[in-house]
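Coordinates in review
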Amino acid sequence: MYAVTITRPGGPEVLQWSEVADPRPGPGEVVIEVAAAGVNRADLLQRAGFYPPPPGASPYPGLECSGVVVEVGRDVSEWRPGDRVCALLAGGGYAQRVAVPAGQVLPILEGVDLVDAAALPEVACTVWSNVFDAGRLQPGETLLVHGGGSGIGTMAIQLAAAHGARTIATARADKHDALRALGAEVLVDYQTEDFVAVTRKATGDAGANVILDIMGASYLDRNVRALAMDGRLVVIGLQGGRAAELNLGTLLAKRGTIIATALRSRPVAQKAAIVAAVREHVWPLVASGRVRPVVHARLPMPEAARAHEILDASAHVGKVLLVAP
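Everything quoted here is computed from the prediction, not taken from an experiment.

1. A word on the overall build of the protein
- Within the protein, the secondary structure is distributed over 10 helices and 15 strands.
- A compact globule built from 325 residues should have a C-alpha radius of gyration of about 20 Å, and the protein, at 19 Å, falls within 12% of that.
- Projecting the C-alpha coordinates of the protein onto the three principal axes gives extents of approximately 55 × 40 × 35 Å.
- Taken over 325 residues, the protein has a buried fraction of 55%.
- In the protein, 68% of the contacts between residues at least 6 apart in sequence involve partners at least 24 apart.
- Surface accessibility of the protein: about 13400 Å² in total, with carbon and sulfur atoms responsible for 52%.
- Mean positive and mean negative side-chain charge positions of the protein (30 and 32 charges, respectively) differ by 3 Å.

2. Description of the nonpolar core
- Among the nonpolar cores identified, the biggest contains 48 residues, and L143 and W283 are the most heavily contacted of them.
- For W283, the residues in contact, after removing those within four places along its chain, are C86, L106, P107, L109, L120, A124 and V278.
- Grouped together as the second largest cluster of nonpolar side chains are 28 residues, V4, L15, V76 and A324 included.

3. As for the pattern of salt bridges
- Summed over all chains, the structure comprises 14 salt bridges.
- Two residues, D177 and R180, come together in a salt bridge whose shortest N-O distance is 3.2 Å. Placement of the pair is D177 and R180 together in helix α4 (residues 176-182), with a separation of three residues, close to one helical turn.
- Of the residues examined, R180 reaches a relative accessible area of 44% and is grouped as partly exposed.
- The salt bridge involving R306 is made with E303; its shortest N-O contact spans 2.6 Å.
- Assessed through its relative accessible area of 41%, R306 is described here as partly exposed.

4. Overview of the packing of aromatic side chains
- Counting across every chain of the model gives three aromatic pairs.
- Considering the side-chain rings of W128 and F132, the 4.9 Å spacing of their centres and the 15 degrees angle between planes classify their relative orientation as stacked. Residue W128 and its partner F132 are both found in helix α2 (residues 121-134); the two are separated by four residues, about one turn of the helix. Taken as a pair, W128 and F132 share a single burial class, namely buried.
- When the centroid spacing of 5.0 Å and the interplanar angle of 40 degrees are considered together, the rings of F195 and Y219 count as tilted. Here F195, found in helix α5 (residues 195-202), pairs with Y219, found in the loop between β11 (208-213) and α6 (220-226); they are 24 residues apart in sequence, far enough to count as distant.
- Judged by its relative accessible area of 2%, F195 falls in the buried class.
- In this arrangement the basic side chain of R264 is found over the ring face of Y51, its NZ or CZ atom lying 5.0 Å from the centre.

Criteria and cut-off values
- Residues numbered from 1 in each chain as written.
- Predicted model: local features only at pLDDT ≥ 70, side-chain atom pairs only at ≥ 80, totals over all residues.
- Heavy atoms only, no water.
- Helix = DSSP H or I, 4+ residues; strand = E, 2+ residues; numbered from the N terminus.
- Rg over C-alpha atoms; globule rule 2.2 N^0.38 Å.
- Buried < 20%, exposed > 50% of the residue type's maximum accessible area, 1.4 Å probe, protein only.
- Contact = heavy atoms within 4.5 Å.
- Areas by Shrake-Rupley, 256 points an atom, 1.4 Å probe, with all protein chains shown as cover.
- Lys, Arg positive; Asp, Glu negative; His and termini not counted.
- Charge placed at Lys NZ, Arg CZ, Asp CG, Glu CD.
- Core = buried A, V, L, I, M, F, W, Y, C linked by side-chain atoms within 4.5 Å.
- Salt bridge = Lys/Arg side-chain N within 4 Å of Asp/Glu carboxyl O.
- Phe/Tyr/Trp six-rings, centres within 6.5 Å; stacked < 30°, edge-to-face > 60°.
- Lys NZ or Arg CZ within 6 Å of the ring centre and 35° of its normal.

Structure follows, in structure tokens:
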């Protein structure tokens, strides 16, 4: 088979479409013939040499895929060859085939396109585990989501709206109409507006109950100031740096909570539990059409370098997908 390999740490040019060995399923695993793979920021970090795959994971990038089961390993009872599925991966999605633990596989629902289904697993698992599990977002509360135009952002907006919560999203001004159509009630142009001031004005000075943050250090102080009493700040990315000074007095006065999580490095059992929760809570919303995959572009998998350039430019709304030959 062929896969996108990383020839050395570097820019998009180091991605190469190469012939590699076929994966085989271990106990409790299935092999999926990949239809498409989602492109995520973590893939760009891995390509640059900053985010190596967990021990035992495929060395090829790609944290989610869709396709058809072609082989099952020992102790797998739920999945059979021919099943249309999508899956959360620890790596290896940029390939014609990938092996994945059976507990990280989800069925593709009626009415969802086989290719577009690759836009769902990673973002659904990330948003559910962080906004609703760790962040405990409740109906009637306010969610502030940074990077509203990203795959994670577009999923967070849809899920919050479906659960009766209000969403404030930061994004470039040219993305606001698309995000409003997904359910965002208040949009902030982070290039020209102060999201703290906008959030406090939109909530009658109460602040956001949950903040989903991809920036890290550069937003830490402002995020804490934007929190409501008993608010929860969930940090899932470090695009704005790793180290920052925090005024603990402000956090203490608000009885605030800061949670930092990562999905890729979690044990298989934890990932399986998250996937099961997504199947229970998110998949019915996808089935009803209230939540849908948001796809910005579909590119041939050998053109992975171009997909990475699109993410680097941050001009997309939703997911960029790589379609396997």
